Amino acid sequence: MNATLLAVVLSLFSSVAYAAAAVAQERLASRNPGSGTLRLLRSGAWWGSVVLNASAALLHVVALKYGPLTVVQPLGALTLVAAVPLGARVAGRRVSAVEWRGTALTLLGLSAILVTASGPAPEDVLSAPEAVAVAGVTAALIGVLTRPGTRPGLRHASASGFASGVASALTQTVTVAVTDRSESLLSVQVIGVALLVAAFATGGLLLSQTAYRGGLGAPLAVVTLANPVAAAAIGLALLGERLQGGASGVLLALAGAGLAAWGVVLLSRATPAADLAGTDHEEHPVAAVLALTPESATAEPALVPRQSEPGHLTPL
């Protein structure tokens with residue numbers, strides 16, 4: 001199988017696994033909004049979501065081994081696409097017209113990006129000085145974006161997306177170096193880059209949680225879009241990745257990115273009519289699923305026994 005095609009297939013499975021894990025965690029949070037850590041550790045459903053998340057992360061890492069960043073990272077938006085039917089199914093409703101439109105636009109845009117970004121398996125990786133330089137520039141950019149000021153949600157969301165995209169680029173460096181045996185697993189370079197991966201991945205997660213405090217729709221879209229932008233910038237600038245087709249290929253990729261961005265925004269901000277009937281401020285179920293916070297989950301109704309009335313018999 002072609003290396004790029006294998007990377008695409010792995011990324012598809014990774015996105016579905018991430019979406020399934022998000023749905024499982026959202027349902028668990030809605031059923032047990034006040035659960036502590038110890039109670040979660042005793043829950044088989046929670047451990048199932050952990051396994052799904054770990055499997056998705058492993059598939060993503062393997063995909064980075066076989067595909068360039070300009071191909072693998074944009075496919076992360078498919079997590080949002082996969083969460084649409086999954087979230088609708090567990091909520092007992094149909095996918096809305098706006099969600100279908102957002103899904104179609106996202107898939108069309110990603111298809112255009114894949115046509116122009118297709119390339120060989122990655123051979124070049126970030127050198128130690130390049131990894132340090134990328135980490136330093138990203139840390140400085142995150143510092144600027146997280147300064148106190150207006151619209152902190154969108155700025156923190158941008159910082160989260162950049163941190164996660166850089167973490168993926170550094171992960172690819174570690175993966176290729178170790179699997180090709182160009183570097184020892186215990187070498188200073190591999191350990192140093194692995195520590196940077198852990199720092200940026202953790203930072204991206206924490207920043208996304210703070211970004212969602214003021215609402216989920218727009219910050220979720222920004223996180224989903226900033227991630228591949230950061231990774232693609234590193235791939236094109238430092239790893240020798242190129243867009244095929246010359247100037248027309250660049251235009252096609254930009255058009256695809258625009259369509260995908262529009263689709264992601266629709267998916268993260270649309271609210272089905274069935275949900276609006278119950279509340280005026282309810283977030284989109286897919287956004288609640290991907291936020292993974294108990295506050296954003298829609299609580300399920302409790303099973304309360306009906307009180308008996310005079311003159312009526314109730315079953316035992």
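Residues numbered from 1 in each chain as written. Predicted model: local features only at pLDDT ≥ 70, side-chain atom pairs only at ≥ 80, totals over all residues. Heavy atoms only, no water.

### Some words on the overall build of the protein
Part 1: When helices and strands are counted, the protein shows 13 helices and zero strands.
Part 2: In the protein, which comprises 316 residues, the proportion classed as buried is 45%.
Part 3: Considering only contacts in the protein between residues 6 or more positions apart, those separated by 24 or more positions represent 80%. (Helix = DSSP H or I, 4+ residues; strand = E, 2+ residues; numbered from the N terminus. Buried < 20%, exposed > 50% of the residue type's maximum accessible area, 1.4 Å probe, protein only. Contact = heavy atoms within 4.5 Å.)

### Thoughts on the nonpolar core
Part 1: Judged by nonpolar contacts, the single largest core of 30 residues is most densely connected at Leu-170 and Phe-200.
Part 2: Those elements that place two or more of their residues in this core are α1 (3-31), α3 (44-66), α4 (69-72), α7 (128-145), α8 (152-179), α9 (188-211) and α10 (217-238).
Part 3: Tallying contributions element by element places α8 first for this core, with eight residues.
Part 4: What Leu-170 contacts, discounting residues up to four positions off in sequence, is Leu-126, Ala-131, Val-193, Leu-196, Val-197 and Phe-200. (Core = buried A, V, L, I, M, F, W, Y, C linked by side-chain atoms within 4.5 Å.)

### Quick look at a nonpolar patch on the surface
Part 1: A surface patch of nonpolar side chains, amounting to about 340 Å² of accessible area, comprises Leu-186, Ile-191 and Leu-195.
Part 2: Summarising the element assignment, Leu-195 is placed in helix α9.
Part 3: Owing to a relative accessible area of 57%, Leu-195 belongs among the exposed residues under this scheme. (Patch = residues over 30% accessible without salt bridge, like charges linked within 9 Å, V, L, I, M, F, W, Y side chains within 5 Å. Areas by Shrake-Rupley, 256 points an atom, 1.4 Å probe, with all protein chains shown as cover. Salt bridge = Lys/Arg side-chain N within 4 Å of Asp/Glu carboxyl O.)

### Some remarks on helix α6 (residues 97-117)
Part 1: Its 21 residues give α6 an end-to-end C-alpha distance of 30 Å, which sits within 8% of 30 Å, the value for a rise of 1.5 Å per residue.
Part 2: The set of residues buried in α6 consists of Glu-99, Gly-102, Thr-103, Leu-105, Thr-106, Gly-109, Leu-110, Ala-112, Ile-113, Leu-114, Thr-116 and Ala-117. (Expected span 1.5 Å × (residues − 1).)

### Structural notes on the confidence of the model for the protein
Part 1: Per-residue confidence for the protein gives a mean pLDDT of 75, with 73% of residues at or over 70.
Part 2: Low pLDDT, under 50, characterises residues 273-309; the predicted model gives this stretch 56 contacts beyond four residues in sequence or across chains. (pLDDT = per-residue confidence, 0-100.)

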